[in-house]
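Structural overview for review
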Amino acid sequence: MKNVVRWCDWEGKGLEHCVCLEDNDGLTLEGVVVTTQEGLHGGHYRVRTDAAFRTREVRVDHVGGPSLHVAADGEGHWRDLIGDRALPELNGCLDVDIRMTPATNTLPIRRLKLKAEEISDIAVAYVPLPGQMAGDFLPRRVEQRYTHLTPDSRYRYEGLATGFTVELEVDAAGLVLDYPGVFRRVRTSGK
């Protein structure tokens, strides 16, 4: 199945084009983003999961800025493919959260398969914007919580360290419709 989604930032100044491909081997999210979040940024990302929606590979390239390429074994062990090193600080993370896109919220939503009113605390490999990094451009471990509010359509997302909370409406594929205050959906097509 193929879904094509576009989001703009909340003020309508940035734009993202995302293609979500799903087959028996898993899910691939690929997108191009031009954003005004915390400065002007342009970038490309590609995320691949296995059939259980566990993140297996992530590539993020910022135009004129840093790049990262990491892989995971599906059991929560990560490796920096550019620096050829293990990333033990990410042990136990099964999902990635890329700051410049709402597309990666789909990953824990699909993987967890929460029942209505069920809650799950997870650790994710968080990829910040370039200006939020000190040192190497690599994911860092972040604790999050997902609560399934309305069957197959509404979730509460919480950043446990930051106290940030938002309710997310999602479509049938688990892709965010609007991310209040951050992103708005502007176009969708499915094939």
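Just so it is clear, the structure is predicted and the values come from calculations on it, not from any experiment.

**Details of the overall build of the protein**
Looking only at helices and strands, one finds one helix and 15 strands in the protein. Its C-alpha atoms give the protein a radius of gyration of 15 Å, near enough to 16 Å, the size a compact globule of 191 residues would have. In terms of overall dimensions, the protein has C-alpha extents of about 40 × 35 × 35 Å along its principal axes. Across the 191 residues of the protein, 49% fall into the buried class. The contacts in the protein between residues at least 6 apart in sequence include a share of 43% that link residues at least 24 apart.

**Considering the layout of surface pockets**
Leftover empty space is mapped by rolling, across the atoms, a probe with the size of a water molecule. Its volume calculated, the largest pocket comes out at about 380 Å³. As for the largest pocket, its lining consists of 19 residues, of which Arg99, Tyr126, Tyr157, Phe164 and Tyr179 are closest to the centre. The set of elements that each furnish at least two residues to the lining of the largest pocket consists of β9 (95–98), β11 (140–150) and β12 (154–159). At three residues, the largest contribution of residues to the lining of the largest pocket is made by β11. Class assignment for the residues of the lining of the largest pocket results in ten nonpolar, six polar and three charged. As a volume, the second largest pocket reaches approximately 180 Å³. Residue lining of the second largest pocket: Ile109, Arg110, Lys113, Leu114, His148, Asp152, Tyr155, Val170, Asp171, Ala172, Ala173 and Gly174, and that is the complete set. Taken together, the residues that form the lining of the second largest pocket break down as six nonpolar, two polar and four charged.

Conventions adopted
Residues numbered from 1 in each chain as written. Predicted model: local features only at pLDDT ≥ 70, side-chain atom pairs only at ≥ 80, totals over all residues. Heavy atoms only, no water. Helix = DSSP H or I, 4+ residues; strand = E, 2+ residues; numbered from the N terminus. Rg over C-alpha atoms; globule rule 2.2 N^0.38 Å. Buried < 20%, exposed > 50% of the residue type's maximum accessible area, 1.4 Å probe, protein only. Contact = heavy atoms within 4.5 Å. 1 Å grid on protein atoms, 1.4 Å probe; cavity = no way out; pocket = protein on both sides within 12 Å on 5 of 7 lines; lining within 4 Å. Points joined across faces, edges and corners; volume = space filled by probe spheres on them. Nonpolar A, V, L, I, M, F, W, Y, C, P; charged D, E, K, R; others polar.

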